[in-house]
Every structure is written in structure tokens, then in C-alpha cells.
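A closer look at the structure
These are the residues of each chain, in order.
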Amino acid sequence: MPAQKSLWEQLTWTWRPETTREAGDSIVRNLLLHWFPAKATRRSISFGYSFWLGTISAALFFVLSITGLILMFLYVPSVERAYQSVKDIEFAVSYGWFIRALHRIAAQLMVAIVALHLIRAFLCGAYKNGTAANQNRPLNWIIGLTLLLITFFLSFTGYLLPWDQLAYWAITVGTNIASAAPLVGDQMRFVLLGGNQIDQNTLLRFYVLHCFFLPTLVLLLFSWHMWRVRKDGGLACVDGLALAQRREPFAPAKAKTYSLLGITKGRTVHVETSLADFDRLTVDSSPHLMRRLLLVSLATVLVCSLLALFVAAPLEEPANPRVTPNPAKAPWYFLWLQELVTDTTLRIGDFTINGALIGGIILPGVLVVVLALWPFFDRSSVNAVGVWFASERKAQNTVFLIGFAIVLILTVLGTFLRGPSWRFYWPWESWPQSPTRF
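**Concerning the overall build of the protein**
In terms of regular secondary structure, the protein is built from 17 helices and 4 strands. Per-residue burial over the protein gives 45% buried out of 438 residues. For the protein, restricting intrachain contacts to residue pairs at least 6 apart in sequence, the fraction spanning at least 24 positions comes to 74%. Counting only carbon and sulfur atoms, one obtains 68% of the accessible surface of the protein, whose full area is about 24300 Å².

Structure follows, in C-alpha cells:
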């Protein structure tokens, strides 16, 4: 007769199962583990394949939610009191500086990590369907692209809340670029600002968007994104393993039971991506996947905490619409747009090409549409699905990396090499002392 488990063991056995039977039962009986498969391939949970960028993004969102909830108790969304409340958080509240810095670091990292996650999915061809029926990875690619855009907007709405000069003029630059959209630009800026200028209506709208609507949308889309991963048979590398297995004859062990009713027939994603050499290629999700999930999440929190100790969140002078800093810059993740606006503003005699329309609206809009539709025009074979830098996808990976390099170069130019009046200065050149415009 097995020994009676203690109360603690009854509560925690699903996280540290002792047998294969318990490992399978733990996924079914634990609500938090229920959305994971009972078995995970060794390849998909390796650190070198996906770099766990999706998990890092989720961990950052969790850090943002916890720190944001704390800051909500201390912040006052009023133009008269917002700056002072942030100043109190920074200098008067115990460890308020750390919570604020942690929130800001996590927000900046989440923008970068979600972007890298999208890049990883492209370079692996993870947006393509494999040989299994009922897969819809192009849809999940579009969901991921939407999550990236919402992450940009989530960080952008939080940028205004300190109500200092940095925040005020960054939002001014960003909304001015948005106003260049044809037909709806002015109306879109009016809706964002709640009027024709940045004031109390703007602050309140950005606060509600930042604290409720956008996080809720991220949570819903993230849940849909994860559900689609399961429906598509797991990460795209599983399709590659299944294809490789078909090329190599493999005799299943006679004692192996593959399903409750024998070998399953029919076309489903789980049947066609199933692995005959199951024991060698897979591990129990609990505890192997859970341990790595916990390790990556703890490492993410640790890195954010260490950065928060050494990189303070900036707080400049209170916002003043009558004092324009020179140069006035957008948030760093939109600086490539600001640089693109400058580079596409051309004067030919008395005629001026509107760079805000070309570089701020049309080119980024075309980029987003092309990325969303790319899975439907990619004609590479199923052999390239889930494979890093597949040879038959060399041309499109090269084009993608060139595009990413251009965005990166424009960001560096806007961040480090643009000085007063948005003029170009080399790093060794000193900026002239220009008077502040009133």
C-alpha cells in the first residue's frame, strides 16, 4: 500500500511528479498546467531554438502588471498633480524609485523582446503550415504582429504619464506624425488627445488606455496566441522532426501504446505531427518544461531588478507647452520613424514632399501590410518550416534582415547622431548651444 501523502505533497505533487503516470495526470488536474501538452519535444524546449523569447515577453508583462498595480495606488492622473505624484514616488515613497525603474525597464525590454520574438519566428519560417491538417500558423503570425503593435502603443501611452518635458514632447512628436495620415489623420490625433492639444483629456485617455484597455487586449490576444500554438501542434520545429522521422524507417516498440484505442487514424494536427520515437524525442512537460519556464521567468525578473538598481527612470522638469526642447524626440522605438520622416522630406523648388506622410505613414503602413501578408506569398516547401535560416528561404531572410538593419540604423541615427534642429552630428562633434524656443 502506497504511503499516504502529506497535505503539502497533495498540493504540490503536480509540479514534481514522481512517475510518468503522475506527470500525465498533473497536466489534466492542475488548472495552471492545463494549457500545456502532457509531452514536449526536447527540441522545442531547448534554449538554443526559440531562446524562450515568448516566455520572456510574458514574464515582462507579469512584472509590468505587478509594478503597474502598485504605481496606480500612488499616481494621480491630473495635470496639476501627476508630476508631483511621480516625484513623490521617486523621492518620498519607500523603494518607490525601484518600483518605477523596474516598471520602466520592463516596458522598454518588452518592446525589444516582442520584436525579437517576431524576428525569430520569421527567420525560422514558423509562420508556415507544415504537412498536418487544420494548421493555421499564418493566423497566429498575424496575432503576433498585432501584439507587437499593441506593445508599441502600450509603451507609448505610458510615456506621457510622468508629465515631464521628456514625456510631453515625445508624445507631441508622435501624435504629429500620426496626424499626417491622409483623410483621418487630424481626426485620429483629435481622438488620441481628446482635443486639439495635450491637456487633461489627453492624460486621462492615455492613463485609461495604458492601465486597462491595452493590457486587457494584450492578455486576450496572448491567450489566443498560446491556444493557436497548441492547435497547430506546438512550435514549428515539431513538423521538422515529424518529417525527418518519416524519412528514417523506425520500428515502434511492440509494448508501446500510442493511444487508448490503438493507432489513431484520420487527418488531425496531433496525428500527423505525432512522433513514433516518442520517448527519445520528448519529455514530460511536468516537471521538465515547468522547471525551464520557472528558470526563464526568474532570470527575467532578476535581470530587470539588477538593471533597475543601476539605471534610474528619468524625470525631467514639469511639462511646459511653451518651452520646446531642442531637439524634441519621439520614444526610442519610434525614432526610426522620426528619422524616416526627415529623410523623406524633400524640397524641389517651391514644392515640398511631405515626409510625415511618406516616411511616417505610408512606408510603415506598407511594411506592416507586407509582414501580415508574407506567409501567404511564401512558396518555400514544408522542409523549411521551423528551420533556422533554411537554405531555400535564403533570399527572403536576406531581404528581411536588410529591412531590420535599416530600421536599426535609423534608430541609432535618431538616438545618437541627431542634435539641435535635428541636424546630423558625428559622435566626436559637440552640439552648439542653441536657445530654447518659447
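**Observations concerning the packing of helix H15 (residues 335-343) against helix H17 (residues 394-416)**
Remark: H15 packs on H17, axes separated minimally by 7 Å, with the N-to-C direction vectors making an angle of 85°. Comparing their axes, H17 and H15 come out roughly perpendicular. Residues Leu335, Trp336, Glu339, Leu340 and Asp343 of H15 pack against Val407, Leu410, Thr411, Leu413, Gly414 and Thr415 of H17. Its residues assigned to classes, the contact of H15 with H17 comprises 6 nonpolar, 3 polar and 2 charged.

**Here's the deal with the confidence of the model for the protein**
Averaged over every residue, the pLDDT of the protein is 86; the share at 70 or more is 89%. In the predicted structure, residues 255-264 sits below a pLDDT of 50 and forms 8 contacts with residues beyond four places in sequence or in another chain.

**Some thoughts on the packing of helix H4 (residues 53-72) against helix H10 (residues 200-231)**
Interhelical geometry of H4 versus H10 gives an angle of 150° and a closest axis separation of 12 Å. Considering their axes alone, H4 and H10 lie roughly antiparallel with respect to each other. Two packed elements cross with a definite hand, and for H4 against H10 that hand is left-handed. Between H4 and H10, the contacting residues are Ala58, Phe61 and Met72 on the first element and Tyr207, Cys211, Pro215, Val218, Leu219 and Phe222 on the second.

**Side note on unusual backbone geometry**
Each neighbour pair has its own omega, and for Ser286 with Pro287 the value is 20°, a cis peptide bond. Considering the arrangement of structural elements, one finds Pro287 in helix H14 (residues 285-310). Residue Asn326 is joined to Pro327 through a cis peptide bond whose omega torsion reads 5°. Structurally, the position occupied by Pro327 is in the loop between H14 and H15. Unusually for a residue other than glycine, Trp422 sits at a positive phi of about 60°. Secondary-structure assignment places Trp422 in the segment after H17.

Basis of the calculations
- Residues numbered from 1 in each chain as written.
- Predicted model: local features only at pLDDT ≥ 70, side-chain atom pairs only at ≥ 80, totals over all residues.
- Heavy atoms only, no water.
- Helix = DSSP H or I, 4+ residues; strand = E, 2+ residues; numbered from the N terminus.
- Buried < 20%, exposed > 50% of the residue type's maximum accessible area, 1.4 Å probe, protein only.
- Contact = heavy atoms within 4.5 Å.
- Areas by Shrake-Rupley, 256 points an atom, 1.4 Å probe, with all protein chains shown as cover.
- Axes fitted to C-alpha atoms, helices over the stretch in contact; angles between N-to-C directions.
- Parallel < 35°, antiparallel > 145°, perpendicular 65-115°, else oblique.
- Nonpolar A, V, L, I, M, F, W, Y, C, P; charged D, E, K, R; others polar.
- pLDDT = per-residue confidence, 0-100.
- Left-handed = near helix turned anticlockwise from the far one by under 90°.

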